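# Residue-level structural notes
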Amino acid sequence: MAGREAGNPADDTSGAGVPPAPGHPTDEAPPPVPHQAGSPEGKPGPGDGKPGGEAEQADATHPHTCTCPVCPRGTRAAHREAQAAFRARRDALAAGEGLPAAVSYSAGASRQWISDELTQAAREVGARARAEAEGWYVLLWRRTLYVVWGTVAALFLGQVATAFTAGWTAARTAGLLAALLGGGLLTGAARLHGRRGGVLAPVIGEDNRLSTSRAVAALWVLLTAYAVLVLAGRLAFASGDGERDTLIAGLDLARGAGLVTVLAVTCAVAVVVRRVVAVRVQGQRLQKAQAPRPRAADLLTDDSGRAHFADTQYVLVSAVAVVYALVRLARRPDQLPDLPWGLALLVLVSAATYLASKYAEGSRPVIHAVVRAREAGDLDGPIRTGDDIEIRGAGFLPPSARTPDRLARMVVRIGAVHVHVPLVPVPGGFTNPSDTTLIVPVPVEVEPGKAEVQLVSAAGVETNKVTIEVGD
């Protein structure tokens, strides 16, 4: 949530602001803001097209210090300026500054005008955020290549350093050739998916976050592929029949059973988790919204950014097992890493814990009660048109949808009338809406009598319906 309220801490990570970032000396208008894949507008996003798009061309032709909104680096500065301007505008409106005299006579009219102003500004910040995300993807796919070839270079230096004492062997040559071949394949994949994160594209989930299950499965796939390439390289340069028979025997299932089992289970967990999350989201039992962009912390945290036990233990246990397997491969490069069954069982238990947590997490928003909102000095009475109602419940603001542009999309259905939830600012955030309560007016279009109240949450999930009586 982008505000502070008792019992509801603020999450003021987004803002909206509207002044454009300084650009080039020309007076040309900035191009339309690109939209991210999966956005409600349905426009092409960073996952569409090839890496040599407009953003990459702008990055190549514009100076490094450029801050125009079209440049991959400039979009970040534009987004930050938009956030700062939004916060300043929000705090000014919260203090009563800039309110037109035409609406100042009515508390309801003032609240509606302020909410409309903040909604428009929040949408502008959302557009700036999507532009920044696309530019960031253009830069990311190159940086993933730096990591890939940096790892290959580190392996080469390590091989050279240890060769002074142990001597250069065929296994070292096979290891370097396997690393070069693997790096080349990853480079091709990164080029193909340049607008979606390069090498990281397969481990980015539909919610635009790094997927823990896919990352762990990819780790084991890379380890297994590298081990097989090392054996293939040694087999290609083997000179004697005995050496070739030994290398072929190194691929026997009896020696790599632990590794193959862990590989199969982690890949299966990645597939099952994707299915579970998709089914729960489609069934409105889990609220998810797209993140601005993936972060490394996504592997260890939940959607709100807090450390998550199941994810953390899964990553740590798998990382330790992979390191052990690499050491075993270095010691015995003539066979697949013989992962002990005790360590393999530990990884399987960790995977089962992670999978169980995916089945247990998440819940749909729920309305507990709807009451007439009463201010100091008001008389008690029934709900009438023009009154404010207070909706009490839980889960109105999922952790992944607490940015101002998401909050501005919340809608309450009162009968057949759709009422947008007003944004009520305070210095540093908002008091309305919150995760457990929100206040909306009952419009005059609502007919007297019984009416059903239902909320569409910030993640687009519908709550249960509660019936109220609207008086004459």
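Numbers given to residues run from 1 along each chain, matching the order in which its sequence is written. For this predicted model, a pLDDT threshold of at least 70 governs which residues receive local features, and a threshold of 80 or more governs which side-chain atom pairs are given and counted, while totals over whole chains, interfaces and linings are taken from all residues. Water and hydrogen atoms were dropped before computing side-chain values, which therefore reflect all heavy atoms in the structure.

## Here we look at the pairing of strand β10 (residues 466-471)
Put simply, side chains in a regular strand alternate between the two faces of the sheet. The condition is simple: Between any two strands, pairing holds if DSSP finds at least two bridges. Under the DSSP-based scheme used, a helix requires at least four consecutive residues in state H or I and a strand at least two consecutive residues in state E, with every element numbered from the N terminus.
Inspection of the sheet shows strand β2 (residues 383-384) paired to β10 by 2 bridges, in the parallel sense. Within β10, the position partnered with I383 by the bridge is V470. In terms of strand pairing, strand β9 (residues 449-456) meets β10 through 5 bridges, oriented antiparallel. Among the inter-strand pairings, E452 is bridged to a residue of β10, identified as T467.

## A word on the nonpolar core
A general tendency of soluble globular proteins is for nonpolar side chains to be buried together. For clarity, the cut-off: Among buried residues, those of type Ala, Val, Leu, Ile, Met, Phe, Trp, Tyr and Cys that are joined through side-chain atoms within 4.5 Å constitute a nonpolar core. Categorising residues by exposure relies on relative accessible area from a 1.4 Å probe, with only protein chains included: less than 20% of the type maximum marks a residue as buried, more than 50% marks it as exposed, and the intermediate range marks it as partly exposed. Contacts between residues were defined by any pair of non-hydrogen atoms, one from each residue, lying within 4.5 Å.
I391, M410, V412, I414, L438 and V440 are the most contacted members of the largest nonpolar core, which totals 37 residues. Among the elements that make up this core, the one with the highest residue count is helix α3 (residues 107-166) (4 residues). Contact partners of M410, with chain neighbours within four places excluded, come to F396, L397, V419, H420, V421, P433, L438, L455, V456, S457 and A458. In terms of nonpolar packing, the next biggest core, distinct from the first, is built from 22 residues, L223, L259, L286 and V315 among them.

## Looking at the packing of aromatic side chains
Put simply, the test is: A pair of aromatic rings is counted whenever rings of Phe, Tyr or Trp (Trp by its six-membered ring) have centres within 6.5 Å, and the orientation is called stacked for planes under 30 degrees apart, edge-to-face for over 60 and tilted otherwise.
Tallying each qualifying case throughout the model produces 3 aromatic pairs. The interplanar angle of 40° and the centroid separation of 6.5 Å between the aromatic rings of F86 and F430 together place this pair among those described as tilted. A residue pair is termed long-range when its members are at least 10 positions apart, and F86 in helix α2 (residues 74-94) and F430 in strand β7 (residues 429-432) qualify at 344 residues. Exposure remark for F86: the relative accessible area of 0% places this residue in the buried category. Here the aromatic rings of Y314 and Y354 are separated by 4.8 Å at their centres, their planes lie at 20°, and the arrangement is stacked.

## Focus: helix α7 (residues 253-282)
For clarity, the cut-off: Here the expected length of a helix is defined as 1.5 Å per residue gap, with one fewer gap than residues. To get the bend at any residue, fit one axis to the seven residues that end at it and another to the seven that begin at it, then take the angle between the two axes.
Spanning 30 residues, α7 covers 40 Å between terminal C-alpha atoms, matching the ideal 44 Å at 1.5 Å per step. The principal kink in α7, of about 35°, is found at L259. Once α7 ends, the next one or two residues include Q284, with phi positive near 55°.

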